[in-house]
Structure formats: structure tokens, C-alpha cells
Amino acid sequence: MKTFKLSSELINNISDLILSKNNKEIKNIVKNLHYADLAELVNELSFNDSIYLIKLIDSDKTSDVLTELDDDVREKILKELSEKEIAVEIKELDSDDAVDILSELPEEKKEKVISLIKDENITENIRELLKYDEDSAGGLMAKELISVNENWSVLKCLREIRKQAKDIKRVHSIYVLNKKKVLIGRLSLKDLITSPSKSKIQQIYIPKVDYVHVNESADEVAKLMSKYDLEAIPVVGDNNELLGRITIDDIVDFIKDEAEEDYLLAAGISNDVEAD
């Protein structure tokens, strides 16, 4: 993969194309950019140009761009987007990223955005996550995950995984639950695809699984995932019921934010000061 390098030529080219409203050429240039690279470009454009570009590109890409923007740039852009436009972006995101963006909105605007999302499953997940402290496991977790029942056959399990995976961008782990929805283990993909189709999941799952409580501090979650080199970790409630999962990218973002706050404090600068 070739490393992206933002150049003044690209910034000026996009600005000129926006000025001439050459939307076709703009889309042609940015269509192959990774959303993180596109966010880097948006960060460097003038405010009016950044708004123009965000509104021009399809929401399935700009939704991820919003999560990667500098905090102060995203804040300004969100102020200029209507509740309907934000709702369209939110629908494309994992629940944890959606909540991160919604948390930056004034209460009235936040409620309006949520009301415009017609998918009840999405709104239910969002409202649940908004209840948790942002520096807790609940504040870091996403609801999107793959879970299977211990009493399912391998054949049924594969069918159910296909259904669940449609709404998940990346499958890190397959979690095994009992009939009370309690987390009891995890499932190896290798064991799943090499076992006879009539075998029960309870015969092949791995009973050992690391997990964190929903109210565990984000610092403790970061330490645990770092210590055991975990790509993802499930989050449970008081009765060990599975509530969500935290992935390594969430932890990296948390650590980065904490490091930036520590730097500002050491420099005697308020968190309200813009990144520059």
C-alpha cells in the first residue's frame, strides 16, 4: 500500500475545483482516497471548502471521515450540518463512533438527530451507549458483534453468523452465550469450519475468554488489552450478560486523546484551546 502524502498541490487543486464547482473531477480525485487521508485533506482546507467537500461526497465515506477529523474542525462542521444531514452520516457508523459524534452536539440537536433515524435497532443502541461515562468500558464499546448460542449446531451457527456479519465491518471474535445471554466463551473460526455440521457449539467452543465489566475504567481496559495483546475484548454487565465489545482501534484513540490532554496540562494549556 502506497503511503499517502498530503501536498499543497492537492489542496490547491481541490480548492480550485470547488471554486469552479467541478464536482465530477472532485469526486474522481477523492474516490480512491482512504477516509483517514480524506480527513487529513479536509483538515487543511478552508472552512467553506471543507463543508462543500463533506456535503458533496457520499455519506458512506464522509461518515468515517468525520470520526477522523481534528476535534475543532469536526465541531465547526457539525454546527453547519443540519440535523437531517448528521442523521444520514450517523446511520453509516458503528454505534460507538455514532455516539462519539452525537456527544459533541447540543442536547436539543442531539435528540432531533436521533429522532430522524428510523432504524429502531440503531437508536436503541445509541441511547444505551449514551448512558455510560465516556471514560468507561461502556463509553468505549460498540454494540456490533457476533454472538452464537452454545446449543446451536455448527450448520445453524454458520447461517446465523452470515446474518449478523452483514452489519459488521470487521469480525474480531465470535462470542458464545448460553440461553440466558450470559457470556461463557469464544469460538475459533478454524474449529467452526472444520467441525461436522451437526456438532453442537458447546462441544467445540473455548470456555476461557477475557472480558471487562461495563463500568470498568477506560484506563484499566487499555492496560488489559495491552498486556495480553488483545485485538478486541467483550464487555459484560452485572450478571455477565454480553453488552458489547471494544476493539484495539478504540483503545488507540483513547490513549492518543489521553496523551494529548497530558501534553496540554504539562504545557499549562486549557483543553478548550484549539489543536493548533
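One structure accompanies this document, and this report is about it. By convention here, each chain's residues receive numbers from 1 onward along its written sequence. Only residues with pLDDT of at least 70 are given local features in this predicted model, and only at 80 or more are side-chain atom pairs given and counted; all residues enter the totals for whole chains, interfaces and linings. Side-chain descriptors were evaluated using all non-hydrogen atoms of the structure, hydrogens and water having been removed beforehand.

Note that soluble globular proteins tend to have their nonpolar side chains buried in a common cluster. Counting 57 residues, the largest nonpolar core has Leu 41, Ile 77, Ile 90 and Ile 246 as its most contacted members. Ranked by residue count, the leading element in this core is helix H1 (residues 8-19), at five residues. Here Leu 41 is in contact with Leu 6, Leu 10, Ile 11, Ile 14, Leu 33 and Leu 53, once residues within four sequence places are set aside. One finds Ile 161, Ile 174, Val 176 and Leu 187 within the second-largest nonpolar core, a separate group that totals 16 residues. Nonpolar cores are built from buried Ala, Val, Leu, Ile, Met, Phe, Trp, Tyr and Cys residues. Side-chain atoms within 4.5 Å join them into one set. Burial status follows relative accessibility: with a 1.4 Å probe on protein chains alone, a residue under 20% of its type maximum counts as buried, one over 50% as exposed, and anything between as partly exposed. Think of it this way: any DSSP run of H or I at least four residues long counts as a helix, any run of E at least two long counts as a strand, and we number them from the N terminus. Throughout, a contact is declared for two residues whenever any of their heavy atoms are within 4.5 Å.

What follows covers the sheet that holds strand S2 (residues 174-177). A strand pair is defined by DSSP finding two or more bridges across the two strands. Reading across from one edge, S1-S2-S3 is the order of the three strands in this open sheet, with mixed pairing throughout. Here the strands that pair on one side only, and so sit at the sheet edges, are strand S1 (146-149) and strand S3 (183-187). For this sheet, the mean angle separating the axes of adjacent strands, direction not counted, is 35°. With four bridges joining them, S2 and S3 adopt antiparallel strand pairing. In the strand pairing of S3, Leu 177 is matched with Leu 183. To define axes, lines are fitted to C-alpha atoms, for helices over the stretch in contact only, and angles between the resulting N-to-C directions are given on a 0 to 180 degree scale.

Below, the discussion takes up H1. Multiplying one less than the number of residues by 1.5 Å gives the expected span of a helix. The end-to-end C-alpha distance of H1 is 16 Å, a good match for the 16 Å that 12 residues give at a rise of 1.5 Å each. By the burial criterion, the buried members of H1 are Leu 10, Ile 11, Ile 14, Leu 17 and Ile 18. An end-on view of H1 places all buried positions within 130° of arc, on one side of the element. Of the exposed residues in H1, the ones pointing more than 90 degrees away from its buried face are Glu 9, Asp 16 and Leu 19. For H1, the secondary structure elements touched by its buried residues are helix H2 (23-30), helix H3 (35-44) and helix H4 (47-56). Two residues or fewer past H1, Lys 21 is found with a positive phi of approximately 55°. Within this analysis, the arc is defined by the directions that extend from the helix axis to the C-beta atoms.

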